[in-house]
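# Architecture at a glance
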Amino acid sequence: MALLLRIFLLLISIFIFPLGAHALWWVMREDVAPNWRSADWSSAKLLPEPSEAPQAIVAVYAARVGRWRGIFAHHTWIVVKEAGADRYTRYDKVGWGSPVRTNGWAPDGRWFGNAPHPVTVIEGEAAQRLIPQIRKAVASYPYNSYGAYNAWPGPNSNTFVAHVLRAVPELDAALPPTALGKDWRPLQDLVGLTPSRTGIQVSLGGYAGLALGWVEGVEIDFMGLVAGIDIRRPAVKIPAWGRIGIDSITW
């Protein structure tokens, strides 16, 4: 009984207290859009105009989701542009509309009014080599049909992006700890490599799990909340708050 109490108190201190603190901060904000109609979905001006950037570009972005879900979750998506192309292509997996949305929003658009931040940006020849692999990974996403979406614990939008990262490990990136659903794996596939293929991941259907990887660091997943540390680019990962430390973005 004493051991169970200690475990319970440990879970409270690691996961519940940070979640509660972030929830309090979130509800005190005055700039959270009340609904999707009133939210700002415009470009955050992170990407150059295609005419001003002849080089190939690959980017992964993350932004807080809308309303109360923004307390603990980010939405992630992928953007590509071949060398000389006159437009970007954006890929999202969402819970409405077509199974995988292509160019549903501005490539660097705000999500429910929340400005995105880059997870990784690759340019030039390296990006050009990766784009065919990324398009192939998008097309091969196994949960790409109507109804094959579950906001929690997954598969969801972040499961989709994690699938692409796993298929193209050269992207060398880890999704933010608040990308709810990134660690989801089907129950018959409990153990495998992390998306970067630099470590091992164990997931109990997205309800609990553990990841140990050079790119991902050490992550403990409890009901979708993630706590951990990053050794490669030193930082701590705090449930609901996200990553605090050296920026993880790779350029």
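Residues numbered from 1 in each chain as written. Predicted model: local features only at pLDDT ≥ 70, side-chain atom pairs only at ≥ 80, totals over all residues. Heavy atoms only, no water.

Going by an unreviewed UniProt entry, the protein carries the name DUF3750 domain-containing protein and comes from Microvirga makkahensis.

### Observations concerning the sheet that holds strand β9 (residues 217–222)
Using the following cut-off: At least two DSSP bridges between two strands are needed for those strands to be called paired. Helix and strand assignments come from DSSP, with helices taken as H or I runs of at least 4 residues and strands as E runs of at least 2, each series counted from the N terminus. To get an axis, fit a line to the C-alpha atoms, keeping to the stretch in contact for a helix; angles then go from 0 to 180 degrees between the N-to-C directions.
On the basis of which strands lie adjacent, the open sheet formed by 7 strands has the order β6-β7-β8-β9-β10-β11-β12 and antiparallel pairing. Because the sheet does not close on itself, it has two edges, and the strands there are β6 (191–193) and β12 (242–245). Adjacent strand axes in the sheet meet at a mean angle of 15°, parallel and antiparallel pairs treated alike. Note that β9 and strand β10 (residues 225–230) share 5 bridges and pair antiparallel. Opposite F222, over in β10, you have L225 as the bridge partner.

### Considering the packing of aromatic side chains
So the rule is basically this: Paired rings are identified among Phe, Tyr and Trp, the last through its six-membered ring, by centres lying within 6.5 Å, and are further divided according to the angle between planes into stacked (under 30 degrees), edge-to-face (over 60) and tilted (the rest). For the exposure calls, accessible area comes from a 1.4 Å probe over protein chains only, and a residue counts as buried if that area is under 20% of its type's maximum, exposed if over 50%, partly exposed in between. Ring-over charges, as used throughout, are those where CZ of Arg or NZ of Lys falls within 6 Å of the ring centre and within 35 degrees of the ring normal.
What the rule picks out here adds up to 15 aromatic pairs. Ring centres of W41 and W111 lie 5.1 Å apart, and the angle between their planes is 85°; on these two criteria the pair is classed as edge-to-face. Placement of the pair is W41 in the loop between α1 (2–27) and β1 (57–64) and W111 in the loop between β4 (101–102) and β5 (117–123), with a sequence separation of 70 residues. Each member of the pair, W41 as well as W111, is classed as buried. Ring centres of W152 and Y207 lie 5.2 Å apart, and the angle between their planes is 85°; on these two criteria the pair is classed as edge-to-face. Taken together, the residues W152 in the loop between α2 (125–139) and α3 (157–167) and Y207 in the loop between β7 (199–203) and β8 (208–213) connect sequence positions 55 residues apart. Here W152 falls in the partly exposed class, since its relative accessible area comes to 36%. Linked through ring pairs, W41, Y61, W77, W105, W111 and F112 together constitute an aromatic cluster. If you follow R90 out to its NZ or CZ, it ends over the ring of W77, 3.9 Å from the centre. The lysine or arginine in question, R101, covers the ring of W105, its NZ or CZ lying 4.9 Å from the ring centre.

### Describing the sheet that holds strand β2 (residues 74–81)
Quick note on the threshold: The contact definition used throughout considers only heavy atoms, calling two residues in contact when any of these lie within 4.5 Å.
Spatially, β4-β3-β2-β1-β5 is the arrangement adopted by the 5 strands of the open sheet, whose pairing is antiparallel. Lying at the two open borders of the sheet, with one neighbouring strand each, are β4 and β5. As judged from the 2 bridges shared by strand β3 (residues 89–92) and β4, these two strands associate in the antiparallel manner. Residue pairing in the sheet places Y91 in a bridge with T102 of β4. Packed on one face of the sheet, α3 meets β1, β2 and β3 and runs near 40° to β2.

### Description of the packing of α2 against α3
A packed helix pair is summarised by two numbers, namely the angle formed by the two axes and the spacing between the axes. Defined as follows: An angle below 35 degrees is read as roughly parallel, one above 145 as roughly antiparallel, one from 65 to 115 as roughly perpendicular, and any other as oblique. Handedness of each helix crossing follows the sense of rotation of the near helix against the far helix: counterclockwise by less than a right angle gives left-handed, clockwise gives right-handed. Three classes are used: nonpolar for Ala, Val, Leu, Ile, Met, Phe, Trp, Tyr, Cys and Pro, charged for Asp, Glu, Lys and Arg, and polar for all others, with Gly counted as polar.
Between α2 and α3, the least distance of the axes is 9 Å, while the angle of their chain directions is 135°. Considering their axes alone, α2 and α3 lie oblique with respect to each other. The element α2 and its partner α3 pack so that their crossing is right-handed. Contact residues: I134, A137 and V138 in α2; F160, H163, V164 and A167 in α3. For the contact of α2 with α3, a count of residues per class yields 6 nonpolar, 1 polar and no charged.

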